[in-house]
Each structure stands twice: as structure tokens, then as C-alpha cells.
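Analysis of the macromolecular model
The residues making up each chain are set out below.
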4 protein chains.
Amino acid sequence: MSTTPRSRLRAQKTPLPHAAVQQDGTRRRILEEALQLFANEGFHGASIRTLAKAVGLQPSTLYSHFPSKEHVLAELARVGHEAHHEALREALLSAGPGPVEQVRALVRAHTLQHATHPQLAVVVNEELYALAPELAAPALAQREKSSALLVEAISRGVALGVFTPPEVLVTAAAIATMGLRIPYWYEPSEALPIDRLADLHAELALRMLGVRLSP
Amino acid sequence: MSTTPRSRLRAQKTPLPHAAVQQDGTRRRILEEALQLFANEGFHGASIRTLAKAVGLQPSTLYSHFPSKEHVLAELARVGHEAHHEALREALLSAGPGPVEQVRALVRAHTLQHATHPQLAVVVNEELYALAPELAAPALAQREKSSALLVEAISRGVALGVFTPPEVLVTAAAIATMGLRIPYWYEPSEALPIDRLADLHAELALRMLGVRLSP
Amino acid sequence: MSTTPRSRLRAQKTPLPHAAVQQDGTRRRILEEALQLFANEGFHGASIRTLAKAVGLQPSTLYSHFPSKEHVLAELARVGHEAHHEALREALLSAGPGPVEQVRALVRAHTLQHATHPQLAVVVNEELYALAPELAAPALAQREKSSALLVEAISRGVALGVFTPPEVLVTAAAIATMGLRIPYWYEPSEALPIDRLADLHAELALRMLGVRLSP
Amino acid sequence: MSTTPRSRLRAQKTPLPHAAVQQDGTRRRILEEALQLFANEGFHGASIRTLAKAVGLQPSTLYSHFPSKEHVLAELARVGHEAHHEALREALLSAGPGPVEQVRALVRAHTLQHATHPQLAVVVNEELYALAPELAAPALAQREKSSALLVEAISRGVALGVFTPPEVLVTAAAIATMGLRIPYWYEPSEALPIDRLADLHAELALRMLGVRLSP
DNA sequence: AATGAATGAGCCTTCATTCAT
DNA sequence: CATGAATGAAGGCTCATTCAT
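Report on the accompanying structure. Because the structure is predicted, anything quoted here is derived from the model rather than measured.

**Thoughts on helix 7 (residues 118–126) of chain D**
Among the 9 residues of helix 7 of chain D, 9 are classified as buried, and the element is accordingly described as predominantly covered. If you check which residues of helix 7 of chain D are buried, you get Pro118, Gln119, Leu120, Ala121, Val122, Val123, Val124, Asn125 and Glu126 of chain D.

**A closer look at the pattern of salt bridges**
Considering all chains together, one arrives at 38 salt bridges over all chains under this definition. Close ionic contact of Glu127 of chain C with Arg8 of chain C constitutes a salt bridge, the shortest N to O distance being 2.7 Å. Here Glu127 of chain C, found in the loop between helix 7 (118–126) and helix 8 (133–159), pairs with Arg8 of chain C, found in the segment before helix 1 (18–21); they are 119 residues apart in sequence, far enough to count as distant. For the residue pair Glu127 of chain C and Arg8 of chain C, the accessibility class agrees, reading buried in each case. A salt bridge links Asp199 of chain D to Arg108 of chain D; the shortest N-O distance between them is 2.7 Å. Note that Asp199 of chain D is positioned in helix 11 (residues 194–208) and Arg108 of chain D in helix 6 (residues 99–116), a separation of 91 residues in sequence. Relative accessible area serves as the criterion here: at 36%, Asp199 of chain D is assigned to the partly exposed category. Three or more residues are tied together by salt bridges with common partners; here these are Arg27, Glu75, Arg78 and Glu82 of chain A.

**What to know about the interface of chain A and chain B**
Between chain A and chain B, the contact holds 44 residues from the first and 45 residues from the second. Taken together, both faces of the contact between chain A and chain B bury some 3,600 Å²; the carbon and sulfur share is 62%. Across the contact surface, chain A and chain B share 2 salt bridges. Residues Glu126 of chain A and Arg181 of chain B are paired through a salt bridge, measuring 3.3 Å at the closest nitrogen-oxygen approach. At the surface where chain A touches chain B, the tally comes to 8 residue pairs in polar contact (both at pLDDT 80 or more). Contributing elements (two or more residues each) for the side of chain A that touches chain B: helix 2 (25–41), helix 5 (69–94), helix 8 (133–159), helix 9 (168–180), helix 10 (182–185) and helix 11 (194–208) of chain A. Here the side of chain A that touches chain B gets 8 residues from one element, more than from any other, and that element is helix 11 of chain A. Partitioned by chemical class, the residues of the side of chain A that touches chain B number 20 nonpolar, 12 polar and 12 charged.

**A few points about the protein's contact with DNA strand E**
For DNA strand E, the set of nearby residues contains 32 residues, the closest of which are Ser60 and His65 of chain A, Tyr63 of chain B, Ser60 of chain C together with Tyr63 of chain D. Looking at DNA strand E alone, sugar and phosphate atoms form 55% of those within 4 Å of the protein. Thr61 of chain A places a polar side-chain atom, nitrogen or oxygen, 3.0 Å from a phosphate oxygen of DNA strand E. The set of elements that each furnish at least two residues to the surface near DNA strand E consists of helix 4 (59–62) of chain A, helix 3 (48–55) of chain B, helix 4 (59–62) of chain C together with helix 3 (48–55) of chain D. The class makeup of the residues in the surface near DNA strand E is 8 nonpolar, 18 polar and 6 charged.

**Focus: the relation of the copies chain C and chain D**
Laying chain C over chain D is done by rotating through 180° and shifting 0.0 Å along the axis; what remains is an RMSD of 0.1 Å. Both chain copies can therefore be described as sitting about a two-fold axis. With an isologous cut-off of 70% or more, the 96% of interface residues of chain C that recur at the interface of chain D puts this contact in the isologous class.

**Considering the environment of Ala52 of chain D**
Residue and element names in this part refer to chain D. You can see Ala52 is positioned in helix 3. We classify Ala52 as buried; its relative accessible area is 0%. Residues Ala52 and Val123, spaced 71 residues apart in sequence, show a C-alpha to C-alpha distance of 18 Å. Beyond its immediate chain neighbours, meaning those up to four positions away, Ala52 contacts Leu57, Gln58, Pro59 and Leu62.

**Overview of helix 2 (residues 25–41) of chain D**
Residue and element names in this part refer to chain D. Relative to the 24 Å expected for 17 residues at 1.5 Å per residue, helix 2 spans 24 Å between its end C-alpha atoms, a close match to the ideal helical length. Taken together, the buried positions of helix 2 are Ile30, Leu31, Glu33, Ala34, Leu35, Gln36, Leu37, Phe38, Ala39 and Asn40. Summarising the contacts, the buried residues of helix 2 are in contact with helix 3, helix 4 (59–62), helix 5 (69–94) and helix 7. Immediately beyond the C-terminal end of helix 2, within one or two residues, lies Gly42, with a positive phi of roughly 80°.

Calculation criteria
Chains are numbered independently. Their residues run from 1 in the order of the written sequence. Each chain takes a letter, starting from A, and each ligand takes a number, starting from 1, following the order in which they are written. Given that this is a predicted model, residues contribute local features only at a pLDDT of at least 70 and side-chain atom pairs are listed and counted only at 80 or more, while totals for whole chains, interfaces and linings are drawn from all residues. Side-chain metrics rest on all non-hydrogen atoms present in the structure, leaving aside hydrogens and water. Only protein chains enter the accessibility calculation, which uses a 1.4 Å probe; a residue is then buried when its area is under 20% of its type maximum, exposed when over 50%, and partly exposed in between. Helix and strand definitions follow DSSP, with helices as H or I runs of at least four residues and strands as E runs of at least two, each counted in order from the N terminus. Every case where a carboxyl oxygen of Asp or Glu lies within 4 Å of a side-chain nitrogen of Lys or Arg is listed as a salt bridge. Residues count as neighbours in contact if any of their non-hydrogen atoms are within 4.5 Å of one another. Summed over both partners, buried area is the accessible surface (1.4 Å probe) that two parts give up on being assembled. Two N or O atoms count as a polar contact when they lie within 3.5 Å, although within protein this holds only if one can serve as hydrogen donor and the other as acceptor, and sequence-adjacent residues are included solely when both atoms are side-chain atoms. Gly is put with the polar residues, along with every residue not named as nonpolar or charged; the nonpolar set is Ala, Val, Leu, Ile, Met, Phe, Trp, Tyr, Cys and Pro, and the charged set is Asp, Glu, Lys and Arg. Being near a molecule or strand, for a residue, comes down to having at least one heavy atom within 4 Å of it. To line up the copies, we fit them by least squares on C-alpha atoms, keeping just the residues with pLDDT of at least 70 in both. By definition here, a helix of n residues has an expected span of 1.5 Å times n minus one.

Below, the structure is given as C-alpha cells:
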């Protein structure tokens, strides 16, 4: 009854993270367009034909670059998780040794990543289920490692008596979750620039952990 | 390369909320099975054939009960949003007049709803994009009203000087978001029963709002 | 439902006949692999990609050696029919002038050819229909000449009163047919070596023609 | 370079054997057209689209009647082998107890079957390789049983001293083979009607077995 | 000779849906 | 209400082939 081009996100087209930039020309263009399509219409909702048309190729040509539609998603998942993990790791490295600084750094990086690459965040978080287990595995492993970084920082803070969360894992989940929904409601604006959002999320995270910053 | 029955949720099959129980037998069984399928495989990933088989009917028979596949999703969305909104309203009614009590009641109800009906939560939150605007509209309207309830409670607390969030809307989003991801990681257990999870989320919400409960 | 590598023949990989040996290296390797593939999976069932992989080349490279997939089959057909015809001609030359000796020589050669080159026999006999008429024509012409050799030998035997078949053409067809099915059931063994099979078929042929050898 | 509608057989369209006549209307028409197509262009050379068009249906409609293209072939194989086996069995039943009569009856039935249903014979003999093993299995089992009938009759004749073949199995193979190639060269004519062909093949078979009928 | 990207037609099959029964 | 045959569009993917390098 209705031919509906509906879109899941408010975000405009955003570039791939640096991790994927080095890829060869056509392959990269395929990834870029697939990112938009999978983000907006879902993996199952986007067709190879639509993707090919978006890239300006014949459907069959896609198979010179990826062995299947699933592999395109798998590559996006790999790129997305890698970029995310790298961002967290760098944040941790440039933060001081204190748990407060570290959590702040982690949350800021997490937030910035999701606000800067909303489509990638959505695809990586919502469409992974469409992947065969063996193709999803690498991404899931990296995801585990990323969330461990936060849990460890929190645990150290608890051990040091700096953090007093009501329960560590539930609180860690709550903190990580704040970032995940960003693509669905947030749009950068002068009133709320990305960097300010990152600060706010860090502040909220620390509040959940029982840290009182301003009296 | 892979024949993969992959599932998005850890949750087992859960019943429809009371709001949908009154529906006629077959129609209700269709909704129940559609709920499982849309939750696990996505709206586009689940086919009318699969749904029919799950219900024990021929595909064509579904059209005696719903005018289209989209309408099945729309009905689930209606039911889900209605149940959710109703839960929030009741929570608010049975809470006292204080903002702390009200936020606690709202967050608890929000959490309970998502933990008790994880499939419905997922379908309602992730699959609405597959609906034509006119079919999604009622659900989106109700969603607006629901989130307004929280924002209002927070705002009154701010006005009364009870709450001191760093920023009202971002904080409200963070609080609401805690609930939305529950289906993806939470499973009821003795160590963390649903009611305890609700308490924890309420506590975390109040912390974000600057309320110090235990000294 | 099934990913099935099925094979039509029991025969292992066999070499091309001498007639084709003189061909240049890569071109010959293409013919050799095509022979296996066309024999086992049929002309339409084997793809240029599979063939290229078997040879260790890219699909496009095949076109440096043959103008099309059909031409590969045509060349196999040519080689096969030529080798077959050559074998019959040589057999006839080294046989004495008597019809019995000649039929024996022809049948033996026919049998040996089919037992020694089962793949080629299958391709040449079963896959020719996949060729455009103009490409199939040379092979069909040679086939005509080959079967004429047998019919002539028989006819002379009849004229001389040595052979008393119930009907010349049907008997000739029956004799020729014995060889054609060899690839489907025969495997060389100590109990039934190729040469013995050839003798048996010759004996059977002569019996059909009414010749009583052993009293 | 060439769009070639080539045909493997000289035979015109022939009906399905009685065994398949009882099938429901559309399903049967699919089988009938598939028989022509698979016989003339091979299983891989015939497409679902071509088949659908020949039946006057949409391609998708075929899947209301058969779960896959392979299953259509499997059903033809079943029907063909069943009809063939049935013909042999009936021939044996109406023959007297003597080995000569029995071989004559078997060969006549075998020949009649192949001359009357040439396309079925071709499909059943040449296209079975395109079937997944589990789908081909029933047909292969029946084939085994059918050829056992001939071998048994011959063996009994040998035991009784009536037959003196040079070697039982090779002779049996030669006898059975005569029938298999009929579709490729035989066309019913006044000069050589089907029944006469059957007599000739029976005569040739008995000659191979060492039986001298007319002095 | 060989490559790899690209093509356009075509592959088998599944899709949501309709309709006569 | 329920069915089963039918539809027409679209699904992911493979086909043989071309061409610039």
C-alpha cells in the first residue's frame, strides 16, 4: 500500500573512520554507501541492487570486491569495532593514572565516537545479529575487550575507594548505554556541540559512580 | 555459505502485555509469534511464511486477520507503547507528590516494563523504522507523551531545587536510555532479580539528578 | 538444500589422446581440465570460473586461448572424434582382408578407445548437443565416417555370406553401442583387463553377426 | 555468438507413462514439459523460467508444486525408473519359465520402454548425475533391481546349459546397453516399427548368449 | 599471456499479496 | 476462517564475456 523510504537516523552521511580510509577506491565506496543503507534501512531492508546503484556499479561488480552481502556488513562491523576500540585505548593512554580521569576519558571517547559516527554506531550495534556467528565473532570479541576497559577502570576506582556505585556491572552497563542511543536523538548544534555532550556524559557517569565534583 | 538461525536477544519467549490479551484467539497468536520473530530476526528478516508456519497457518490466512505484514508490526507497536505508557501513568498515580518519589516510580516502571517484556521493547524501539510514517505515527506520539512525563517530573524537581542535573534534556535521555538496552544484556537471576534492577536504575537516575540518598 | 559435488563417471583423470598432445602448454592444460569437468558435471554444469580455477588461471585468461567456452568443447570434440577415427582406421589397416578379422579389429579398437579415454568418450557422446550446429558439424561428420567403416565391413561380410545379421543397421547400432556405455560401468581390473574386454566385445559382435567361432 | 536452440533427440513430444498419469493437473503438466526440456537441453541447460513459460505459469508458481528444480528431476527419475521396472516385472510374469522366453521378454520390454518413452529414457539415464545423492538414491536402487532381473535370467540359463555367453556380466551389460541408445538414433517408421525393433534386439541378445534359433 | 575490475543477462528462489473455493 | 494455487516483483548471486592495463 505504501512505498516507504523511511530512515532510522537523523544523521546525515558521515565518513568512514580512519581505520577504513586506506582501503582501495571502489571497495571503500561500497563500504561507504553500504554504511548509509544499512544504517537507514537495516541490513535486510537494503538490497544488493540498491547498494550497487548507490555506488554506481552493476550488482555483479560488488562480488569482485566482497564475496557476499554479509561480508560487507562484517567488514563494516570490523572497521567500526576497531575504530571504537582504538579510540578508547588512545583515550586511556593519554589520561592520567587516576580512576576519575580514566573514566572521564573513556566516556568522552565513547561519546565522541558515537556522535561523530552515528551510522557506524547503529550498524555495529543493531545489525550484527544478521551476521552468521563466524562472521560476527571478531566484532563481538572486540566489543568484549572494549567494555572490559570500562569495567576495569571502575573496579580500580572502587578498590581505591574513589567510586561508590550501587553495583558495578549494572552501573557500567548504564554508563556504556548512554552512548549507544546517541545516534537516535542527537544532532550536533551550537547549543549542544559534540564536545559538550561528551563532557555531560562524563559528568553523568561520574555521578553514577558516586563522585561529587562541584559542591 | 551459512544457514544461520541467529537471535538478537537472550530472552526467552515472553507473553504479550495485558493490553493485548483481550484480542481474539488467532489474531492474538499471530501477534505473539510475530513478536518473537520480529524481535529475533527483525521485521525485514522475518517473512510472512515463517510467521504463518510458527502460528500453524497458511500465509494467506494471516490476511484474514491483518491487512498486511506492516499492520502486524503496527499493532505490536501500538500495544507496546500503550502498555508502556500505561505503566508509567499508573506508577505516577501511585507515587506521592515529591519529585524524588515520582522519578523513582517512573524509572522503576520503565525498567520493569523493559525487563518483563524484552521482545516487545526491542520491536517497539528498533523496528519502528520499517513502518510507513502514517502507521508509525500513533506509536511515536505516545512515545513523545511518555518521555514528557519524565522530563516534567525532572523539571519540577529542578524548579524545587531538589534536582541539579548538569543539563535537563541530556540527563533525561540518559535516564530513559538505561532501560532501552536491558533486553540485550539482562537476564533475570537470583543474584539480580528484576525488582532489584529496577531499584538500581532508580538509584542511578537520582544520582544523575544530583540526589544523594545514603550519606 | 544440497551442495553436491556429484560425478558422472567412476573413471579417474585420464590423459588426452596423442592427437592433442602436440598443443601448446597452457592451451593443453585447459583442455585437460575441461575434459574432467565437462565429463563429470556436464558442459552446462561446469563454469568458466571452475575451469579457470582448476587450471590455475583467471577466467579472463582462458579467452587468450579459446574464443569461448563452446570452442573448448568443440576442440575436445574434434580431438576425441579424430583420435577415435584414427584408431579405427589404423585397426582396419593392420587387419587382414577378411570381414571377420576386420570387424574384430574395429570392435576391439572401438572398445579400447572408450575404455582408455572414458572422459573423452562421455564428453564426445553426451555433450555435443550443447554446441551450436556449425561447431558440432565437423565432429558429427567424422562420426558418420567412423560408423560407416563398421557398416561397410559388415555389409561386405553379408555379401560374402560370412555374416547373417537379422538386420544390418540395427545390428551395427547394437555393436557400436556396446562401447559407448563403457565409461559408465567399466573400471580396469585384473579380473577384467582392458584387452580382455575388447576381446569379449569383439566376440559378442561376431555372435550378433552370426559367426560361430568355437564349435 | 550464437543463440542456439539445439535438441538432443530426434523424438517428438511423448507422454508420461501411466505411473505418472494420476498426478494432479498442474503438477503433471510441469512434469510433462520438464521432461521435454530436460531431455532436449539437459537439466542444467533448461531454466526454471523456460519451464514455467512452457507450462504457462510464473516461475514462482512452480514452487507451489515442487520444492526445487532438482525435485522435478527427481520425480521424473522416480516415475521413469518405476515404469521401467514395472514393465520388466510384467514381462517376466507373462513369460513362461524357460530362460530363453524370459530373456526375450525382458529385452523386448526394455526395448519397447526406451522406444516408446525416449525422452524419459534420456533424462533418467543421462541427467541423474545432476541430482544430489539423497535425491538420486531411490532411482539408483530401482535401477539396480532392474538390471538384477536380467542377470538372474541369464544366470539361470547358464546353469541350465541353455546359454553360453563368453562372460555373464559383460554380456548382460551389452544387452542392456542396446536399449539405452535407442533414443539417439531410432525413430518409428513403417520399415522398422517399434515391435520389430524389440524382436531384433531380443534376437541379438539371444545370439550373444549363444542361442541359435534359426539354423 | 595474464590480470582484475566491470558488464548485463540470467540463475534459482523467496517475497508479500490476491483470489476463487 | 481457512486454504492452496497463482501472481509479479524482487531477492542474492553466478554466468560468460570484455577490456584496459
